[in-house]
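Given next are the chains, with one letter for each unit.
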Amino acid sequence: RKIIIYSRDELKQFEMQQQWPDNYNTPMRYFIGDVRDYHRLKMAMTNVDVVIHAAALKHVPVCERYPIEAIKTNILGVQNIIKASIAECISRVIVMSTDKAVNPTSVMGTSKLMGEQLVKAATLKPGRTIFTTTRFGNVLGSRGSVVPIFAQQIKQGGPLTVTSTEMTRFVMTLTDAIDLVLKSGEISQGGEIFVTKMSALSVQDLAEVMIEHLAPLYGFRSSDIEIQVIGPRPGEKVYEEL
């Protein structure tokens, strides 16, 4: 009957409202707030049945530079979700995590691993709320992901910046990501970490294929676009694990 979008990003909410308006004829509601703010969060979760928690600081270099901010959102924010869900007797809570939480080498991965552990610990407390975690790879085409970055670099005539010719990443489509969340919510009993089967993709291969397909659209030949190896950023792995 009602879908609440709760975030601190006023611009993205405005953009969503253009496509899915917030009025009496639609189920959409848009609340400004932050997972760091427990009292605002609890208020937003009144009379809610299911919570899908996607808010996070997700970019590895940003979290490396501002680790305390990653802690506030990715760890304390998750604990606020858990606490508010128990207080409001939420039926199900699905928390999104990442493959970077496996044997983490970055602040981002470590903070997401801690979030997973908090969800697992919440399951041990008696109560009606079912808590579960889904572990994502890289969602192709999502904001800040490599596909739109490469596309923009090709449009500008290059170069394409690749961190390492050896680097691989697990990838999933937006549909894969949605299916994982919905299926996990449907079958969870509490405390699981759900991982979907994902393909591993060479970032170098992706760059070459995108150049081949997109360069002609912008008036370039494939040979015009250079691939520049810039080296892994702090905290980045060459190979991720599931």
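All of these numbers come straight from a predicted model, not from anything done at the bench.

### Thoughts on the packing of helix α6 (residues 146–155) against helix α8 (residues 203–214)
Item 1. Put simply, α6 and α8 touch, their axes get as near as 10 Å, and they point 45 degrees apart. Regarding the angle of α6 to α8, the classification is oblique. Helix-helix and strand crossings are classified by hand; for α6 and α8 the assignment is right-handed. Contact residues: V146, V147, F150, A151 and I154 in α6; V203, L206, A207, M210, I211 and L214 in α8.

### Concerning the side chain of S97
Item 1. Within the secondary structure layout, S97 lies in strand β4 (residues 92–98).
Item 2. Classification of S97 as buried rests on a relative accessible area of 7%.

### Focus on unusual backbone geometry
Item 1. Residue G158 is joined to P159 through a cis peptide bond whose omega torsion reads 0 degrees.
Item 2. Among the structural elements, P159 can be located in the loop between α6 and β7 (160–162).
Item 3. One non-glycine residue, N47, lies in positive phi territory at about 60 degrees.
Item 4. Among the structural elements, N47 can be located in the loop between α2 (38–44) and β3 (50–53).

### Here we look at α6
Item 1. Within the span of α6, buried status applies to F150, Q153 and I154. Here the buried residues of α6 occupy an arc of 100 degrees about the axis, which is enough to place them on one side.
Item 2. Residues of α6 that are buried sit in contact with β7 and α8.
Item 3. Directly beyond the C-terminal end of α6, a positive phi value near 90 degrees is found at G157.

### Remarks on the sheet that holds strand β10 (residues 199–202)
Item 1. Here we have 3 strands laid out as an open sheet, ordered β6-β8-β10, and mixed in their pairing. Two strands in the sheet have a free side with no partner beyond their single neighbour: β6 (138–139) and β10.
Item 2. Sheet topology note: the β6/strand β8 (residues 168–172) ladder contains 2 bridges and is parallel. Each residue of the ladder has a partner; that of V139, found in β8, is M172.
Item 3. Those strands touched by helix α7 (residues 174–187) are β6 and β8, and its axis lies near 70 degrees from that of β8.
Item 4. This element, α8, spans β8 and β10 of the sheet and lies at about 70 degrees to β10.

### A short note on the packing of aromatic side chains
Item 1. On inspection of all chains with the given rule, the structure shows 0 aromatic pairs.
Item 2. Positioned above the aromatic ring of Y38 is the side chain of K83, whose terminal nitrogen or guanidinium carbon lies 4.4 Å from the ring centre.

Here is what the cut-offs are and how they apply
Residues numbered from 1 in each chain as written. Predicted model: local features only at pLDDT ≥ 70, side-chain atom pairs only at ≥ 80, totals over all residues. Heavy atoms only, no water. Axes fitted to C-alpha atoms, helices over the stretch in contact; angles between N-to-C directions. Helix = DSSP H or I, 4+ residues; strand = E, 2+ residues; numbered from the N terminus. Parallel < 35°, antiparallel > 145°, perpendicular 65-115°, else oblique. Left-handed = near helix turned anticlockwise from the far one by under 90°. Contact = heavy atoms within 4.5 Å. Buried < 20%, exposed > 50% of the residue type's maximum accessible area, 1.4 Å probe, protein only. Arc of directions from axis to C-beta. Pairing = 2+ DSSP bridges. Phe/Tyr/Trp six-rings, centres within 6.5 Å; stacked < 30°, edge-to-face > 60°. Lys NZ or Arg CZ within 6 Å of the ring centre and 35° of its normal.

By themselves, these observations are geometric and do not establish any function.
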